[in-house]
Protein chains: 2
Amino acid sequence: MINQANSNEEDSGTAILHRTPQKRPAKSWQDWLIGRPLPTADAPHQTIGKLVGLAVFAGDALSSVAYAPQETLVILAAAGTAGFQYAFPIAVAVTLLLAIVTISYQQTIHAYPGGGGAYIVARDNLGEIPAQIAGAALLIDYILLAAVAVASGSAQIISAYPALSSYRVIIAIGLILVIMLVNLRGVKESGTAFAIPVYFFLATAFLTVGVGFLRFFTGTLGTVIDPPMLDYVGLTQPVTLFLILRAFSSGTTALTGVECISNGVTAFKEPRSQNAGLTMIWMSAILGVLFLGITFLLHQIGAVPSEAETVISQLARTVYGSRGFLYMCTIIGTTIILVLATNTAFADFPRLSAILAVDGFLPRQLTFRGSRLVYSRGIVALGVIASLLVILFNASVTALVPLWAIGVFLSFTLSQFGMAHRWWKIGHLKQKMEMQERGSVLVYEPGWHSKMFINGLGAFVTAIVTAVFAITKFQGGAWIVILLIPILVVAFSAIYRHYRRLAASLALKHDKPRSHIKRHRVILPFSGVHEGTLAALSYARILSSDITAVYVSMDNNEAESIRKKWEVWGEGVRLVILDSPYRLLLEPLLSYIEEIIHKRQPNEIITIVVPHFIPRHWWSNVLHTQTATMLRLALLFRPGIVITEVPYQVD
Amino acid sequence: MINQANSNEEDSGTAILHRTPQKRPAKSWQDWLIGRPLPTADAPHQTIGKLVGLAVFAGDALSSVAYAPQETLVILAAAGTAGFQYAFPIAVAVTLLLAIVTISYQQTIHAYPGGGGAYIVARDNLGEIPAQIAGAALLIDYILLAAVAVASGSAQIISAYPALSSYRVIIAIGLILVIMLVNLRGVKESGTAFAIPVYFFLATAFLTVGVGFLRFFTGTLGTVIDPPMLDYVGLTQPVTLFLILRAFSSGTTALTGVECISNGVTAFKEPRSQNAGLTMIWMSAILGVLFLGITFLLHQIGAVPSEAETVISQLARTVYGSRGFLYMCTIIGTTIILVLATNTAFADFPRLSAILAVDGFLPRQLTFRGSRLVYSRGIVALGVIASLLVILFNASVTALVPLWAIGVFLSFTLSQFGMAHRWWKIGHLKQKMEMQERGSVLVYEPGWHSKMFINGLGAFVTAIVTAVFAITKFQGGAWIVILLIPILVVAFSAIYRHYRRLAASLALKHDKPRSHIKRHRVILPFSGVHEGTLAALSYARILSSDITAVYVSMDNNEAESIRKKWEVWGEGVRLVILDSPYRLLLEPLLSYIEEIIHKRQPNEIITIVVPHFIPRHWWSNVLHTQTATMLRLALLFRPGIVITEVPYQVD
């Protein structure tokens, strides 16, 4: 069953056995759900090219075209359909922002070939607090990404099958569960499994936009037949700068996910930084073209933002003239890309949680890889939180968006500001000097001024967008995130301090005098002289010869009977009967124990041995007073006291 | 602090100390709520006379006049106001039933001077199952009594202050809480505390009925001004026999509580049976007169049953001509008698639970008297269940009544049938022979035939009423109770069997060879070499010299580092490193322990010593893997294994 791999007795004289099990773990119901356990040695070390890389990392970013145009229109709807004319200019501004961020991130990719997420860049260049802020913002970002993407996916499905509209929340949670299970199984991020759906989406999206422009230029496009009702109820507002900025803020959700590649540079084939950088440029270009094209066409066909039917569905059925095969392909492609975006959240949230946990800011358990070599606890945590969000916000993308992009832009800002500071540090290094930081190596570069300018511009622009977002969306829900980020940062610090204190307290000190335990007192509380008590007594006798049995008496007659029985069965062990005129059980026992603790000498340890029935049926436990459990709770914080329950099986 | 009462070393050579604490328990927040703890010696042993006895035991029975006439009218309302003419004949039939039950119970009181509740009478004369049925019926009865009485009390308060009508449920639960707290404090059942409110109620009730008849005979009574809307909605039904029987069933709720005195004979002054019997006759007479008088007057004034205003309130304001002082006195008196009825439930439910628990049919904990010498657990259980019922049935008396009286009449039937069987047994005794049963003494009596006839008649009549009730109220809710009683009986038996098996398993056997433990193996699983582990190691070393430290390794480098540290710090103790290629913690440990258990010899015991951090803040526990707790759960059902957590305080 188990073989002895090696057994050695070294100079220390300590016998050390090292055993490796030969067989795999026993089968369980989980295997069926998430697959058989994988040994640690199976961790994959593959790299991917640009084409596959685009598919793996673009899901999150490209999925934005499913909701960003719609959310821009939702805000503009406050000014009536007349407001919709501002959608395209806003899309141009968003695309410009996209270009700036893409250029700025190129430098991050080259500077951090080992992966340069906002948390790592901020940690290396800005210090602990900004890094923790970036970490908190990103964790929130991933949770909202998962919630928004499944909510939007659910909306696409409902657009194609309006009969399902009352199952909006259930469909969204179903999607989360499926993606969670797939991730618990473990997703191979490389390979065609990703490429096929992403390129399918790209084909359908470009076909829809292409056919749309063809019909636009030939004058046969027309407008949406039988459009859904405009959801916006209320007085039509004038078009104000504030409204435009709010619509712009919603449009910036198109940028979510473009930073993904900077986290995953290591996944690319060599020259990895170059490959990753080019892939990112391609991705941004595709995103920009689709975003501009879709927004332009939506205005032409007079699409109306609505929870009942997505604008993508309105565009597709107008462009193709019916809800035919090509329409269905567009909806399926869009839903698939949204599912892949959710998958990104399920890949990145547990990974970032594990990084934060290794650094001591989150519970250590999050670093533990489950049976399938994935960070299972983080995956489950994300699934639960995202499901709660979907229920709370009734699977409405419009309700979730105000909470979302602020975290994304805050992390952009911190990351780019960190990069700018990094160039400043590089500029002030002595020539040919290298400096090793935790995430990268600093080497002097002559052109550091212009590079600092590019990242500085990125930081500046995204900072402004963050502020605009915070102000315009504050009431709509951004306040929740603005409140949550500092709370998370405080929690990170508290957890960090706890682990630090624990480590200090547990550290071995060579100079500490190690005194051995000199006296071992055993206290044996019991409730009656029976087999269970005698089992505990015979256990107590092998622990120490210094035993005191304690009986709490609420009735003099019973005490007398116990005394007589103990004289027969007590094996000569000292018995103390504690009268309890107030019929309390625990209190007299505790005060007796306290008294003994009080008289305790140094190097004396006290063990309390409690007989404990193990009944045949779990429900029988309610028929017994759980004295041992209550004693344990009462004495938990007393040093030098060990509580031992001696089980006695009853059958 | 504690004095040594006596200390003796008897022939057995066992030192036995008996200690009695001098001081009272420390103050706690509970003292403010329910009073300071009382020593066992303070249990009262007072007896009461007939006048006070009437007050103590009549609350439950007399309170029926507050709802029984109303519930009769509620059913008749199905036939429109024309149905109300049948109320008085029904009341006459109910009063006749009351007379039969009273006469029948006289014999119970004389036969069981030590208290003859239905459970005891059925147990002695009919056997275990009928006794358990009676017990189950009575427990349900007391719960429903509490719920109905506070619901009716709440309805009286709302009748006087209609503005409170939306707080119906809250008022009812508030009443339960107050009565529960009073009972946790402990109620002295003797004394004027009971006499004043009961006689106040009697005065107001007789005044209302008296003035009502005076005005009726002088022709000045008139009808209810501005009566509430009739709640009944639906087609007016014809008056059928079934409807009359349903109304009669509701009317029989007037009999609930008349049996109370038979439980409490011991509380009376000598000659106690005679005093108790006379008190019961007085009580029944008063109840009959009030019930008949009120029902008669209600018909004359054209009162309408309604959840908005009770018929008592309609009667009082019609009799007194306004909502003046006398009206308020009547409402207050009625509410008080309902509160006292609830109090009866809180006195009797815990007492019956304790009797059932002593007999082994309910958890032993119910026999425990709390700090104020009352069965606190039973009181709290009743308060919780009754509150749930009030919430579930929206504090509606009409909704609760169908569940109720069936339990009462079932217990009447069993009790009277038991009595009849007792007379049969007495008749077949040899002359001048005595037979001791658990609850009473059987002595031959010449007139046993007629006595058996009286109890037999009582049993027969109440059995018919039970059947009528079960049939006519089945759909309305009686099915719940008909289902619940067998479930409770099965639960009683299961609990009884559990305690029997436990007792058999724990019984000391003199002839059993007592072999002492020969080998004590200690297993010390640990997660790292640090102060906590060394504390556990030094504890393990005083337990046994046969120690194996076990480390589960998920990473070869870490295993190497642990091995090196153990050679320095391990005090030469044997170390086993278990490789865990599937990154499982508990499973390799468990399979190693299983292997050791497998190889175990007889008289060998295994102790698993687990280091356990005690952090400063409770929340820090989520930051640690609770290995010890998980191990305990996994090994709970393995005999011969003791798990010991050695606490290590971290600060």
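How each quantity is defined
Residues numbered from 1 in each chain as written. Chains lettered and ligands numbered in written order. Predicted model: local features only at pLDDT ≥ 70, side-chain atom pairs only at ≥ 80, totals over all residues. Heavy atoms only, no water. Helix = DSSP H or I, 4+ residues; strand = E, 2+ residues; numbered from the N terminus. Buried < 20%, exposed > 50% of the residue type's maximum accessible area, 1.4 Å probe, protein only. Contact = heavy atoms within 4.5 Å. Areas by Shrake-Rupley, 256 points an atom, 1.4 Å probe, with all protein chains shown as cover. Pairing = 2+ DSSP bridges. Right-handed = clockwise from strand over helix to strand, strands pointing away. Phe/Tyr/Trp six-rings, centres within 6.5 Å; stacked < 30°, edge-to-face > 60°. Lys NZ or Arg CZ within 6 Å of the ring centre and 35° of its normal. Axes fitted to C-alpha atoms, helices over the stretch in contact; angles between N-to-C directions. Nonpolar A, V, L, I, M, F, W, Y, C, P; charged D, E, K, R; others polar. Salt bridge = Lys/Arg side-chain N within 4 Å of Asp/Glu carboxyl O. Polar contact = N/O pair within 3.5 Å; in protein donor to acceptor, adjacent residues only side chain to side chain. Parallel < 35°, antiparallel > 145°, perpendicular 65-115°, else oblique. Left-handed = near helix turned anticlockwise from the far one by under 90°. pLDDT = per-residue confidence, 0-100. Patch = residues over 30% accessible without salt bridge, like charges linked within 9 Å, V, L, I, M, F, W, Y side chains within 5 Å.

Asks: Help me understand the overall build of chain A in this model?
Replies: For chain A, the helix and strand inventory stands at 21 helices and 9 strands. By residue count, 56% of the 651 residues in chain A fall in the buried class. Considering only contacts in chain A between residues 6 or more positions apart, those separated by 24 or more positions represent 78%. Put simply, chain A shows about 27400 Å² of open surface, and 65% of that area lies on carbon and sulfur atoms.

Asks: Would you mind going over unusual backbone geometry with me for this structure?
Replies: Generally, phi is negative for residues other than glycine and the peptide bonds are trans, each holding for most cases. All names here are of chain A. Cis geometry is found at the peptide bond from E270 to P271, where omega equals -5 degrees. Along the polypeptide, P271 turns up in the loop between α10 (260–263) and α11 (272–301). One non-glycine residue with positive phi stands out, namely A395, at about 55 degrees. Within the secondary structure layout, A395 lies in the loop between α14 (376–392) and α15 (397–427).

Asks: Help me understand the pairing of strand β7 (residues 574–579) of chain A, please; the structure alone is not making it clear to me.
Replies: Successive side chains on a regular strand alternate, one facing one side of the sheet and the next facing the other. Residues and elements named next belong to chain A. Along β7, 5 of the 6 residues are buried, which leaves the element largely enclosed by surrounding structure. Across 6 bridges, the pairing between strand β6 (residues 547–553) and β7 is parallel. Considered in β7, the bridge of T548 is made with R574. With respect to chirality, the unit in which β6 leads through helix α19 (residues 556–569) into the neighbouring parallel β7 is right-handed.

Asks: Please explain helix α3 (residues 68–76) of chain A as it appears in this structure.
Replies: Along an α-helix, residues three or four positions apart point the same way, because every turn accommodates 3.6 residues. Residue and element names in this part refer to chain A. Across the 9 residues that make up α3, a large majority, 8, are buried. Among all positions in α3, only A68, P69, Q70, E71, T72, L73, I75 and L76 are buried. Packed against the buried residues of α3 are α4 (87–111), α9 (241–251), α11, α12 (311–320) and α15.

Asks: Before we go on, may I ask you to explain the packing of aromatic side chains in this structure?
Replies: The relation between two aromatic rings is expressed through the spacing of the ring centres and the mutual angle of the planes. One pass over the full model with this rule turns up 26 aromatic pairs over all chains. Both rings, one in F409 of chain B and one in F412 of chain B, keep their centres 5.3 Å apart while their planes meet at 80 degrees; by these two values the pair is edge-to-face. A residue pair is termed a helical-turn pair when its members lie 3 or 4 positions apart in one helix, as F409 of chain B and F412 of chain B do in helix α15 (residues 397–427) at 3 residues. You'll find F409 of chain B and F412 of chain B in the same group, each marked buried. The rings of F88, F213, F216, F217 and F296 of chain A are connected pair by pair, giving a single aromatic cluster. The ring centre of Y499 of chain A lies 4.2 Å from the NZ or CZ of R364 of chain A, which sits over that ring. Over the aromatic face of W423 of chain B sits the side chain of R422 of chain B, whose NZ or CZ is 5.8 Å from the ring centroid.

Asks: Sorry, what's going on with the packing of helix α16 (residues 448–472) of chain A against helix α17 (residues 474–506) of chain A here?
Replies: The description of two packed helices rests on the angle between their axes and on the distance between the axes. Residue and element names in this part refer to chain A. α17 packs onto α16 with a crossing angle of 120 degrees between their chain directions and a minimal axis gap of 7 Å. Facing F469, A470, I471 and T472 of α16, the residues of α17 in contact are F474, A478 and I482. Looking at the contact of α16 with α17 residue by residue, the classes come out as 6 nonpolar, 1 polar and no charged.

Asks: In this structure, what is going on with the pattern of salt bridges? I would like to understand it.
Replies: It is possible for side chains of opposite charge to pair when their charged atoms get near one another. Within this structure, the stated rule accounts for 24 salt bridges over all chains. For E560 of chain A, the salt bridge identified is with R563 of chain A, shortest N-O distance 3.5 Å. On the criterion of helical spacing, the pair formed by E560 of chain A and R563 of chain A is a turn pair, its members being 3 residues apart in helix α19. You can call E560 of chain A partly exposed: its relative accessible area is 35%. Using a relative accessible area of 7% as the deciding quantity, one classes R563 of chain A as buried. Between E309 of chain B and R317 of chain B there is a salt bridge; the shortest N-O distance is 2.6 Å. For the pair shown, E309 of chain B and R317 of chain B are each scored as buried. Ionic contacts of the salt-bridge type, sharing partners, join the residues R123, D124 and D359 of chain A into one network.

Asks: Whenever I open this one, the side chain of S387 of chain B confuses me. Can you help?
Replies: All names here are of chain B. Here S387 lies in helix α14 (residues 376–392). Here the side chain of S387 touches G383 through a polar contact of 2.7 Å, landing on its backbone oxygen. Each residue touching S387, except ones within four places of it in the same chain, is listed here: I173 and I176.

Asks: What is the right way to look at the packing of helix α6 (residues 128–160) of chain B against helix α7 (residues 168–185) of chain B in this model?
Replies: All names here are of chain B. Orientation of α6 relative to α7, taken along the N-to-C sense of each, is 125 degrees, at an axis distance of 8 Å. One element, α6, and the other, α7, form an angle in the oblique class. α6 and α7 meet at a crossing whose hand is right-handed. For the pair α6 and α7, the contacting residues are V150, G153, S154, A155, I157 and I158 in the first and R168, I171, A172, L175, I176 and I179 in the second. In the contact of α6 with α7, the residues fall into 9 nonpolar, 2 polar and 1 charged.

Asks: Can you help me understand the environment of F460 of chain B in this one?
Replies: Residues and elements named next belong to chain B. Mapped onto the elements of the fold, F460 is located in helix α16 (residues 448–472). When its relative accessible area of 54% is taken as the criterion, F460 is described as exposed. With 44 residues separating them along the chain, F460 and Q416 place their C-alpha atoms 8.6 Å apart.

Asks: What's the story with the confidence of the model for chain A in this structure? I'm lost.
Replies: Low pLDDT means the predicted coordinates in that region are not meant to be read closely. Residue and element names in this part refer to chain A. Scored by pLDDT, chain A comes out at a mean of 84, with 89% of its residues at no less than 70. Low pLDDT, under 50, characterises residues 1–10; the stretch is placed with 29 contacts to residues that sit more than four places away or in other chains. The ipTM for the predicted assembly is 0.72, set against a pTM of 0.68.

Asks: Would you mind going over a nonpolar patch on the surface with me for this structure?
Replies: All names here are of chain A. Residues F474, W479, I482, L483, L484 and I487 make up a contiguous nonpolar surface patch of about 550 Å² in total accessible area. Along the chain, I482 turns up in helix α17. Residue classification places I482 among the partly exposed residues on the basis of a relative accessible area of 35%.

Asks: In this structure, what is going on with the side chain of S493 of chain A? I would like to understand it.
Replies: Residues and elements named next belong to chain A. Looking at the secondary structure, you find S493 in helix α17. Among the residues examined, S493 registers a relative accessible area of 19% and is labelled buried. In terms of polar contacts, S493 uses its side chain to reach the side chain of Q132, at 3.4 Å.

Asks: Explain the pairing of strand β9 (residues 641–649) of chain B to me, please; I cannot follow it from the model alone.
Replies: Counting buried positions along β9 of chain B yields 8 of 9 residues, so the element is predominantly enclosed. Two strands pair when backbone bridges link them, and strand β9 (residues 641–649) of chain A and β9 of chain B are joined in this way by 3 bridges, in the antiparallel orientation. Residue pairing for β9 of chain B: E645 of chain A is matched across the bridge by I643 of chain B. Where strand β8 (residues 604–614) of chain B meets β9 of chain B, 9 bridges bridge the pair, whose relative direction is parallel. From the neighbouring strand, I608 of chain B faces β9 of chain B, where its bridge partner is I643 of chain B.

Asks: Would you mind showing me how to read the environment of G264 of chain B here?
Replies: With respect to the helices and strands, G264 of chain B occurs in the loop between α10 (260–263) and α11 (272–301). As a C-alpha pair, G264 of chain B and V56 of chain B span 208 residues in sequence and 9.9 Å in three-dimensional space.

Asks: How should the environment of V384 of chain A be read in this particular structure?
Replies: Within the secondary structure, V384 of chain A is located in helix α14. Distance in space between the C-alpha atoms of V384 of chain A and I143 of chain A is 9.8 Å, their sequence separation being 241 residues.

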